[in-house]
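Inside the fold
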Amino acid sequence: MKVGLLKTLLALMFLFVVACSNDNLIEEKKSSVVNQEIKNYYKEWVKEPESYDLNKILKEEEMNVLNRKTTIQRKKKKSKRPILVHYMPWFQSLEVDGVWGQHWTMTNKNPNLINSEGKREIASHYYPLIGPYSTKDKDLQQYHLLLMKLAGVDGVIFDWYGKRDVLDFEVIKQGMESFVSELEKTNLEFAVMYEDRVIKEQARSLSQVQINQAIGDLKYIKRKYFKNNNYVHIKNDPLLMVFGPSYIDSSEDWNIILNSIKTDVNLLTLWNSKVMIGDGNSSGEYTWVDKNHLQTLSQYYISNIDFNTNIVGGVAYPRFNDFYIEGGWKLPSDNDWELADKGMQVFKESFDESLKYPTDFIQVVTWNDFGEGTQIEPTREHGFEYLEMLQMYTGTKYKKEDLSVAYYIYKLRKEHPNSYVVKFLMNVAHYYAMNNRISKAKQLVGLTIFYFGEDFL
């Protein structure tokens, strides 16, 4: 009996190892195919590139820049149902910031370690297509903003942790404001999602001190962001979202806080949470990712919210697969859960479910939360797949291959940081792409790769 049981267990272990190996091989093969496809796009953009005179093109574009009056587009017509992406502005890199930030390292990862595939060691199950980066990097900002435009995104919702220099909150604020300065040059909009739990970190005992800190944060948001021409408004009032509330849970306290800013605002809480702020203070709620996926999402839309009296933010998400236990931010004994992506199925299901109901906007959760594995930003594992599906939902005129323009521009800039020609031509290509002249951008990118090489791809 014991020998037979041992043989059975060994056989099962062998099958498990084989299955895992096959899964890994499939993922590696898929990643290789995706990356090869990305590398080949530019080859169709310029016919007979050797017939072009690069110096002549350079002089022509220099004259065009001199005669150009503005690099800011006119406002486009608003989408019937805006698509906004949730954005984490907290990343730091050694090259830009002098240190690898904790959202790449957590407690035990070292991005200075590079494996045989050229991947740095980061605290995530997924790897950015361009590698780990800094939110403050202008090249990164333009890369992300161009991808958003080409995917048909209407705007960005920034995670915001207050105005004080506590923990890494100042880093996050600076990262966001640096990004906004670049966003202002586009037709994209932005809004703030306030993390009220930061009050717990900033003052741990005196309730009046905490309330005053929340008042200070909202006054800062009003002064710094609400008047920005690119700020999101719904029904003529600025949109302000609260992740929770998870700490300030008294409607009386919220009365004091909101009365202090003396501004009409559409304040949205996390789903099933507006009662904590008070019906008179909240304009509605927004949905989020949950371990029970459609069961929770459908139930909320059907039974928990009145679409006639509330502004409702829908949601679309690809998966949830955090790195917190592996990265040392959680104990192995902590409650942890995962929502597998099932290919592209979870993203499609959540998007479709949110579109079935009269939601006022869709929030994609998230653009780049690599720690929780909810990102749709291009990765080595998935390439541009999620942005390609997003293009289908937004109905943008841009094509799948157009997304790679942003990638090529970013990579060429990083590969040739001291080349005036490359830097200038990629600045011009970015301008053309952001101003709806994608064919011209492709031509400049294709010629630059032809003359300066494709080894970096």
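Provided above is the structure to which this section pertains.
Residues numbered from 1 in each chain as written. Predicted model: local features only at pLDDT ≥ 70, side-chain atom pairs only at ≥ 80, totals over all residues. Heavy atoms only, no water.

Here the residue pair Gly-244 and Pro-245 is connected by a cis peptide bond, since its omega of 10° sits within 30 degrees of zero. The topology assignment puts Pro-245 in the loop between strand E5 (237–242) and helix H9 (251–261). Cis geometry marks the peptide bond from Val-365 to Thr-366, where omega comes out at 5°. Within the chain, Met-106 stands out as a residue other than glycine whose phi angle is a positive 45°. Even without being a glycine, His-293 presents a positive backbone phi close to 50°. Note on placement: His-293 falls in the loop between strand E7 (284–286) and helix H11 (294–304). The buried category is assigned to His-293, whose relative accessible area is 9%. (Helix = DSSP H or I, 4+ residues; strand = E, 2+ residues; numbered from the N terminus. Buried < 20%, exposed > 50% of the residue type's maximum accessible area, 1.4 Å probe, protein only.)

Applying the stated criterion across every chain yields a total of 38 aromatic pairs. For the pair Trp-160 and Tyr-220, a centre-to-centre distance of 5.9 Å together with 20° between the ring planes defines the contact as stacked. On the criterion of sequence distance, the pair formed by Trp-160 in strand E2 (residues 155–160) and Tyr-220 in helix H8 (residues 207–226) is long-range, its members being 60 residues apart. Its relative accessible area of 0% is what places Trp-160 among the buried residues. By relative accessible area, which is 11% here, Tyr-220 ends up buried. By the ring-pair criterion, three or more aromatic residues cluster together here, those being Tyr-87, Phe-158, Trp-160, Phe-179, Phe-190, Tyr-194, Tyr-220, Tyr-225, Phe-226 and Tyr-231. A cation over a ring is seen here: Arg-319 above Tyr-126, with NZ or CZ 4.8 Å from the ring centre. (Phe/Tyr/Trp six-rings, centres within 6.5 Å; stacked < 30°, edge-to-face > 60°. Lys NZ or Arg CZ within 6 Å of the ring centre and 35° of its normal.)

Geometric descriptors of this kind do not, in isolation, establish any biological role.
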